[in-house]
Amino acid sequence: MIPSSMIRDATEERTLSTMMAWRVREFGPPEIMKFERVPRPEPGAGEVLVKVKAAGVGPWDGWIRAGKSALPQPLPLTLGSDLSGEIVAMGPDVAELAVGDQVYGVTNPQFVGAYAEYAVASAGMVSTKPTSLTHVEAASVPVVAVTAWQALFDHAQLKAGQTVVIQGAAGNVGSYAVQLARQAGVQTIASVSTEDISAVRDLGANTVIDCRTQRFEKEVQDADAVIDLVGGETQERSFQVLRRGGKLISAVSRPGQDLAKRYGVEAAFFLVNVRSECLTKVARFIDGGKLRTNVGTVLPLADAREAHLMLERVRPQPKGKIVLDVGAS
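Owing to the predicted nature of the structure, the values given are computational and were not obtained by experimental measurement. (Residues numbered from 1 in each chain as written. Predicted model: local features only at pLDDT ≥ 70, side-chain atom pairs only at ≥ 80, totals over all residues. Heavy atoms only, no water.)

Concerning the overall build of the protein chain
Basically, it comes down to this: In DSSP terms, a helix is any run of H or I states spanning at least four residues, a strand is any run of E spanning at least two, and both are numbered starting from the N terminus. Throughout, the radius of gyration refers to the C-alpha atoms, and the reference size of a globule is 2.2 Å times the residue count to the power 0.38. Buried means the residue's accessible area, taken with a 1.4 Å probe over protein chains only, is under 20% of the maximum for its type, while exposed means over 50%, and partly exposed covers the values in between. The contact criterion used is simple: two residues touch if any of their non-hydrogen atoms lie within 4.5 Å. With residues, only the protein chains shown are counted as cover, and all accessible areas are computed by Shrake-Rupley using a 1.4 Å probe. When charges are tallied, Lys and Arg are placed among the positive residues and Asp and Glu among the negative ones, while His and the ends of the chain are skipped. Each charge is placed at NZ for Lys, CZ for Arg, CG for Asp and CD for Glu.
When helices and strands are counted, the protein chain shows 11 helices and 16 strands. Relative to the compact-globule value of 20 Å for 329 residues, the protein chain shows a C-alpha radius of gyration of 21 Å, a close match. Along the first, second and third principal axes, the C-alpha set of the protein chain runs to 85 × 40 × 35 Å. A buried classification covers 51% of the 329 residues belonging to the protein chain. In the protein chain, 63% of the contacts between residues at least 6 apart in sequence involve partners at least 24 apart. Carbon and sulfur atoms make up 50% of the accessible area of the protein chain, which amounts to about 15,100 Å² in all. Where the 35 positive side-chain charges of the protein chain centre and where its 36 negative ones centre are 4 Å apart.

Thoughts on the packing of helix α4 (residues 142–155) against helix α5 (residues 172–183)
Pairs of packed helices are described in terms of their axes, by the angle between the two and the distance that separates them. Which entries qualify depends on this criterion: Interaxial angle, 0 to 180 degrees, is taken between N-to-C directions of lines fitted to C-alpha atoms, where a helix line uses only the stretch in contact. Should an angle fall under 35 degrees it is called roughly parallel, over 145 degrees roughly antiparallel, and 65 to 115 degrees roughly perpendicular, with every other angle called oblique. Left-handed is the label given to a crossing in which the near helix is rotated counterclockwise from the far helix by less than a right angle, and right-handed is the label when the rotation is clockwise.
Packing of α4 against α5 leaves a shortest axis separation of 8 Å and a crossing angle of 50 degrees. Taken together, the axis directions place α4 and α5 in an arrangement best described as oblique. α4 and α5 meet at a crossing whose hand is right-handed. Of the residues in α5, those in contact with Val 144, Ala 145, Thr 147, Ala 148, Trp 149, Leu 152 and Phe 153 of α4 are Asn 172, Val 173, Tyr 176, Ala 177, Leu 180 and Ala 181.

What about the side chain of Glu 36?
Note that Glu 36 resides in strand β2 (residues 34–39). When neighbours within four sequence positions are excluded, Glu 36 is seen to be in contact with Met 19, Met 20, Ala 21, Arg 23 and Arg 25.

What about the packing of aromatic side chains?
The geometry of two aromatic rings is summed up by the distance between their centres and the angle between their planes. What counts is decided by this rule: When the centres of two rings from Phe, Tyr and Trp lie within 6.5 Å, Trp using its six-membered ring, the rings pair. Their planes under 30 degrees apart give stacked, over 60 give edge-to-face, and anything left gives tilted.
One pass over the full model with this rule turns up 4 aromatic pairs. Note on Trp 22 and Phe 35: the rings are 4.9 Å apart at their centroids and 20 degrees apart in plane angle, and the pair reads as stacked. A residue pair is termed long-range when its members are at least 10 positions apart, and Trp 22 in strand β1 (residues 18–24) and Phe 35 in strand β2 qualify at 13 residues. Relative accessible area serves as the criterion here: at 2%, Trp 22 is assigned to the buried category.

Focus on the sheet that holds strand β12 (residues 223–228)
Each strand in a sheet pairs with another by means of backbone hydrogen bonds, the pair being arranged parallel or else antiparallel. Rules: Strands are treated as partners if at least two bridges between them are detected by DSSP.
Across the sheet, which stays open at both edges, the 6 strands sit in the order β11-β10-β9-β12-β13-β14 with parallel pairing between neighbours. Since the sheet does not close on itself, it has two edges, and those belong to β11 (207–210) and β14 (266–269), each with one partner. On average, each strand axis in the sheet is tilted by 15 degrees relative to the strand beside it, whichever way the strands run. With 5 bridges connecting them, strand β9 (residues 163–167) and strand β10 (residues 187–192) associate as parallel partners. Along β10, the bridge assignment pairs Gln 167 with Ser 191. Here α4 sits on the sheet in contact with β9, β12 and β13 (242–250), set at roughly 150 degrees to β13. Contacts from α5 reach β9 and β10 within the one sheet, and its direction differs from that of β9 by about 170 degrees.

Quick notes on the sheet that holds β2
Strand order in this open sheet of 3 strands is β2-β1-β4, and the pairing throughout is antiparallel. Here the strands that pair on one side only, and so sit at the sheet edges, are β2 and β4 (77–78). Across 2 bridges, the pairing between β1 and β4 is antiparallel. In the strand pairing of β4, Arg 23 is matched with Thr 78.

Details of the pairing of strand β15 (residues 295–300)
Relative to strand β16 (residues 321–325), β15 runs parallel, the two sharing 5 bridges. Paired with Val 295 across the bridge in β16 is Lys 321.

See the structure below:
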C-alpha cells in the first residue's frame, strides 16, 4: 500500500508544475475552448513568468480562437494577451524587472497565453502596474490604451491645437483616445451613438456628434486626422472630413488608397505594438488621475467561454472591458 504522504507529495508536485489554462486545439466557435490542466511554462531569454491575477478579454482573442488572426497562430494554443499579475520567475537577459514586481501588459507579439494561472510574457511588453489600480482594473488597460496612444501620437502624429475626429469614441479604444487627446491639447470631435453622448462628453470630448441622427461629414471639415475604430462605410465617409494632407488612421481595416489619393490625404492601417515604454507612460497618466478605466464585466477564469459568448453577442455584450479574475476561479 502506498503511504498517503507519498500520494500527497506527488499531488502537490503535480499542482506546482501544472496549471489550469484555456486551450484551443482547433479553430472555431467558443464551444471549442477547453479548460485544461497543462504544464506550467518556463521563461526563456528576455521573458518573465507572471502569476496571473487577471486577464483582459478583447475582440482579437475571438479572432484568434476562430482562426481569423492577422498573425499565424500554431495550434494548440492558450488564449489571451492582456494581463496583470506578479513576476514569479525570470529568464536570462531581463533587466529593470525583478521577482515580486507587480506588472501589467501583454504576453507576446502573438497575443496568446494569458487565460491561465501562469503566463510567460516578453519583458519588453510589460511594465510596472499602475499603483492606483487593482489587478482586474489593470488587466483592462494594455491593448486598448496603447492602441489609442499609438493611433493618436505615433501614426497620426497629432500635436496640441490640432483637431481629430474619433469614430467609435465610446468603445474601449475610443474612450482612451478621447481622454489622451484632451490631455495633449488636441481638439476632439467624437462620433457616437445617442446613448453614449453624455459619457463621451464626460471624458472630455470638445464636440460630440450623434451618428444616428447626424451625418458627421456634413458637420465637420478640415480635420487634421481621423482615428477610425469602426471601419466599413464609416471609414469611407471619413475621408470627406479631412483637410488636404490630413491623416486617416485605422485600427480596424485597411483604408482604400484610391480614396486617399482622391482626397489628397494619407491613410493607413496599423497593428498595435505594445511596448514597456508606452505602458509606463499610460500608468503615469492613470496614477496621476488623468485617465479613467472602464471595466464592464468581471468573470472568474473558469467562465472564459462565457466571455467569448459575449464577444460573439450570443450573450449581452457589456459596455466596457471584459476581464477574467484569475483569483476568483
